[in-house]
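The lines below spell out each chain.
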Amino acid sequence: MAISLIRSVLGEVISSKLQVHIPSSLSRTDGYEHREALFGIPPYGGSIQQLVYYADDELCDPTNVNTRGGYPEREKDKDGKMKPWPSPYILFIDRGGCSFVNKVRNAQRSGAAGVIIADKMCNCAAEGKDPACVSAPGEICEATEPIMADDGSGSDITIPSFLMFKQDADPIREELKQNHMVRMEMGWSLPNPDARVEYELWTTPTDMISRDFQSQFKAAAVALNSHAYFTPHMYVYDGKKAGCEVIDGVSLCQSLCTNNGKYCATDPDNDLSKGISGADVVKESLRRECIWKLYGVEDGIGAPWWDYVSQFMHRCDRESYFTNEDCVKDAMSKANVDFREVEKCMSDSGGLEGEAVNTILQSLLAEKEASGVVILPATYVNNAALRGALEFATVFKAICSGYMKGSEPEVCLKCAHCGIDEYQCVIRGECPSAKGSVSIQVFAISLVVVVVLFGCVGLIQWQRSQRQMREQVRGIVAEYMPLDKVQAESAGIPLDPSDTEVI
């Protein structure tokens, strides 16, 4: 089956596939055209192949997800109710009634491994070209293609989802409603043109979501070495387009911008009169761009850049120290970054005062426009946008899946499929389970040792109780009837070997 590269409305290259394996009559050589959700975490480099169940519901009410309904019908349990959808499964849901995020979240809670949302409206362009696409009576075709966008609450969703067009989804729905088995595949891969993977991060100095990633991923960047090339981008916006330029000495954006309103950033505390300002964020953004230019552009690893960011977050990332030059110098010193060289870079690029055009910040604006970044933080691997939470494991596995087959670096072969803690694996050089696991042989030997040990303890305890019982019997008998050794033995009363005299 061919894997098609799909360029989204944001200009992002996404490589995913959707295919029907059973029944073969619905299978297509190049798979099905679809749209991928802008939320959820796809298993990059892998696929989900499972049976499909049609919910026969829009799945909008989280309190009323009927896992015992839908199609194909299953056998009934002892209470006469149809058995739930057997996990793992792909859930087929009709579009409409609520947001894509709500539908997928409810499906995730029901146990689905993936979601296919079936469009119920034809695209106007398809309706004129594809005879299979006919809008229902009274419905008007869609003028534009739908986008499975995040409504702002999708950070908790971890399963992937696709949107199928009406003309493709209708036959699959009918097959399921006839109680026929349908098995589908949802797959993802990244463009892998050569033995080096390029990855990028769009963020801001005040971004809280990317903090853990920025403090941890240096280990992976160093381990990947020349096999990967990293590029950080600081997000600033065009003050001229936003109406922030200073006119007659007045700017509507006040402290959000530098260079008389040319380069702006969001105020992290939403208070323009105090605290960290947007202009402060722009200055720190320029500083980090210069550190990367001096210490990262050449090798694509930039260990001092990662160190500075970690030190700054640890020491200076609060209102009282964010703009404190001594704190910045201290963070640079700990990261082995030359403060004077960074200051010179910031000045040579045009600085942040007056009407000057800053070449570095101007390049950032052009790169932002070209990439179409609108949601932060954003991560790209081989120009493909990664979905879901910005976590070490997600990005690391995506990078490792982006190599041409046979060219993967050793750290990817060891840690990409660790499945437990990829971060610790990269640091240690092996999966944590590999060092802490116990082989069957060692477990068996340990079990035998434990059994023998408890057996010895039990034997010693039994012998001790026997001696105590003999002593108690001798004491009781001695109180009532003195016996010599011969009499005791004839009566079956045990005596110690030392007892040779009449008691």
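Everything discussed here concerns the structure shown above.
What counts as what
- Residues numbered from 1 in each chain as written.
- Predicted model: local features only at pLDDT ≥ 70, side-chain atom pairs only at ≥ 80, totals over all residues.
- Heavy atoms only, no water.
- Pairing = 2+ DSSP bridges.
- Helix = DSSP H or I, 4+ residues; strand = E, 2+ residues; numbered from the N terminus.
- Phe/Tyr/Trp six-rings, centres within 6.5 Å; stacked < 30°, edge-to-face > 60°.
- Buried < 20%, exposed > 50% of the residue type's maximum accessible area, 1.4 Å probe, protein only.
- Lys NZ or Arg CZ within 6 Å of the ring centre and 35° of its normal.
- Contact = heavy atoms within 4.5 Å.
- 1 Å grid on protein atoms, 1.4 Å probe; cavity = no way out; pocket = protein on both sides within 12 Å on 5 of 7 lines; lining within 4 Å.
- Points joined across faces, edges and corners; volume = space filled by probe spheres on them.
- Nonpolar A, V, L, I, M, F, W, Y, C, P; charged D, E, K, R; others polar.

### Here's the deal with the sheet that holds strand 13 (residues 263-264)
Spatially, 3 strands are ordered 11-13-12 in an open sheet, and the strand pairing comes out antiparallel. Where the open sheet ends on each side, the last strands, each with one partner, are strand 11 (237-238) and strand 12 (257-258).

### Some details on the packing of aromatic side chains
Taken as a whole, this structure holds 20 aromatic pairs when the rule is applied. Ring centres 5.0 Å apart and planes at 35° place the aromatic pair tyrosine 199 and phenylalanine 230 in the tilted group. Pair noted here: tyrosine 199 is in strand 9 (residues 197-203) and phenylalanine 230 is in strand 10 (residues 228-234), with a separation of 31 residues, a long-range link. Of the two residues examined, tyrosine 199 and phenylalanine 230, each falls in the buried class. Three or more aromatic residues joined by ring pairs form one cluster here, namely Tyr199, Phe213, Phe217, Phe230, Trp292, Trp305, Trp306, Phe392, Phe396 and Tyr423. The ring of phenylalanine 339 has lysine 329 lying over it, and the distance from NZ or CZ to the ring centre is 5.0 Å.

### Describing the environment of threonine 206
As for its position among the elements, threonine 206 is in the loop between strand 9 and helix 4 (211-216). C-alpha separation for the pair threonine 206 and arginine 318, spaced 112 residues apart in sequence, amounts to 9.3 Å. In this structure threonine 206 touches Pro268, Val281 and Phe322, once residues within four positions along its chain are discounted.

### Observations regarding the layout of surface pockets
For the largest pocket, the calculated volume is near 640 Å³. Along the walls of the largest pocket sit 29 residues, with Leu38, Asp150, Ile375, Pro377 and Gly388 positioned nearest its centre. Breaking the lining of the largest pocket down by element, the ones donating at least two residues are strand 14 (378-381) and helix 11 (392-400). Considering each element in turn, the lining of the largest pocket owes the most residues, 3 residues, to strand 14. Partitioning the lining of the largest pocket into residue classes produces 16 nonpolar, 9 polar and 4 charged. In this structure, the second largest pocket spans a volume of roughly 500 Å³. Residue lining of the second largest pocket: 23 residues in total, with Tyr44, Gly45, Lys397, Ser401 and His417 positioned closest to the centre. Among the elements of the structure, helix 11 and helix 12 (410-415) are those that each provide at least two residues to the lining of the second largest pocket. The biggest single contributor to the lining of the second largest pocket is helix 11, with 5 residues.

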